[in-house]
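Okay, here's what each chain looks like letter by letter:
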Amino acid sequence: MGSMLIHHLKSAWHVDQAILFHREEVVAIRFGRDGDPECMVVDEQLAKIAPKVANFAAIYLVDLDQVPDFNSMYELYDPCSVLFFWRNKHMLCDFGTGKSKFHLFYFILIYALTVPQGNNNKLNFPTTNKQELIDIIETIYRGAKKGHGLVVSPKDYSFRHKY
């Protein structure tokens, strides 16, 4: 039901135009399949918060089967991913889902390797609370207004999938 309340983008051109059109708002785009249960949960959350974030965010949905153009560009291999854009720039948000800083330091010190810090380019897990999602979008908006390309999520989700 939530996916019916939010505007669907039907082609790559429509996605590009939506990102270009909103100059002073964060553009949140859910990439996934409309029939996927995880996407349905995310769509419900997005539909519920859409009126509350309308002043600083625009929310759209994209079906990966209809618009496969962005799959490899943004590594859209998860069932459901929410990406954020600001002034035609992809915004990154650190949700704390990567390796800890201690592990990173240990690997750099011992092996002189750069270990990636997890996936900062998309929200690829459903949030159970509407306020959490509003806080994430607001944090991205505030960081983007200050010129930051990477912001830190207001909540650490590092233990989300361990229990």
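Please refer to the structure placed before this passage.
Residues numbered from 1 in each chain as written. Predicted model: local features only at pLDDT ≥ 70, side-chain atom pairs only at ≥ 80, totals over all residues. Heavy atoms only, no water.

Caption draft 1: The arrangement of the pattern of salt bridges in detail. Overall, the coordinates contain 8 salt bridges when judged by the stated rule. The closest approach of N and O atoms between Glu24 and Arg87, which form a salt bridge, is 2.6 Å. Within this pair, whereas Glu24 is found in the loop between α2 (12–21) and β2 (26–32), its partner Arg87 is found in the loop between β4 (80–86) and β5 (89–94), the two being separated by 63 residues in sequence. Across the pair Asp65 and Arg33 runs a salt bridge whose closest N-O atoms are separated by 3.0 Å. Note that Asp65 is positioned in the loop between β3 (57–63) and β4 and Arg33 in the loop between β2 and α3 (37–49), a separation of 32 residues in sequence. According to the relative accessible area criterion, Asp65 is exposed, its value standing at 55%. By sharing partners, the salt bridges in this structure join Glu24, Arg87 and Lys145 into a single network. (Salt bridge = Lys/Arg side-chain N within 4 Å of Asp/Glu carboxyl O. Helix = DSSP H or I, 4+ residues; strand = E, 2+ residues; numbered from the N terminus. Buried < 20%, exposed > 50% of the residue type's maximum accessible area, 1.4 Å probe, protein only.)

Caption draft 2: Structural detail: the side chain of His22. Here His22 is to be found in the loop between α2 and β2. Within the structure, His22 has its side chain in polar contact with the side chain of Glu25 (distance 2.5 Å). Within the structure, the side chain of His22 is placed 2.7 Å from the side chain of Tyr60, a separation counted as a polar contact. Excluding anything up to four places from it in sequence, His22 contacts Val27, Ala58, Tyr60 and Arg87. (Polar contact = N/O pair within 3.5 Å; in protein donor to acceptor, adjacent residues only side chain to side chain. Contact = heavy atoms within 4.5 Å.)

Caption draft 3: Summary view of the nonpolar core. One finds Leu46, Phe84 and Ile140 to be the most contacted residues of the largest nonpolar core, which totals 31 residues. Mapped by element, the contributors of at least two residues to this core are β2, α3, β3, β4, β5 and α5 (130–145). Of all the elements, α5 adds the most residues to this core, at 7 residues. Among residues more than four places away in sequence, those in contact with Leu46 are Ile6, Arg30, Ile59, Leu61 and Leu133. Of all hydrophobic cores here, the second largest spans 18 residues; its members include Leu9, Phe31, Tyr60 and Tyr74. (Core = buried A, V, L, I, M, F, W, Y, C linked by side-chain atoms within 4.5 Å.)

Caption draft 4: Broad picture of empty space enclosed by the protein. Scanning all chains against the criterion turns up 1 cavity of 30 Å³ or more. Estimates place the volume of the largest cavity at around 50 Å³. With 3 residues, the single largest contributor to the lining of the largest cavity is α3. Among the residues making up the lining of the largest cavity, the classes are represented as 7 nonpolar, 2 polar and no charged. (1 Å grid on protein atoms, 1.4 Å probe; cavity = no way out; pocket = protein on both sides within 12 Å on 5 of 7 lines; lining within 4 Å. Points joined across faces, edges and corners; volume = space filled by probe spheres on them. Nonpolar A, V, L, I, M, F, W, Y, C, P; charged D, E, K, R; others polar.)

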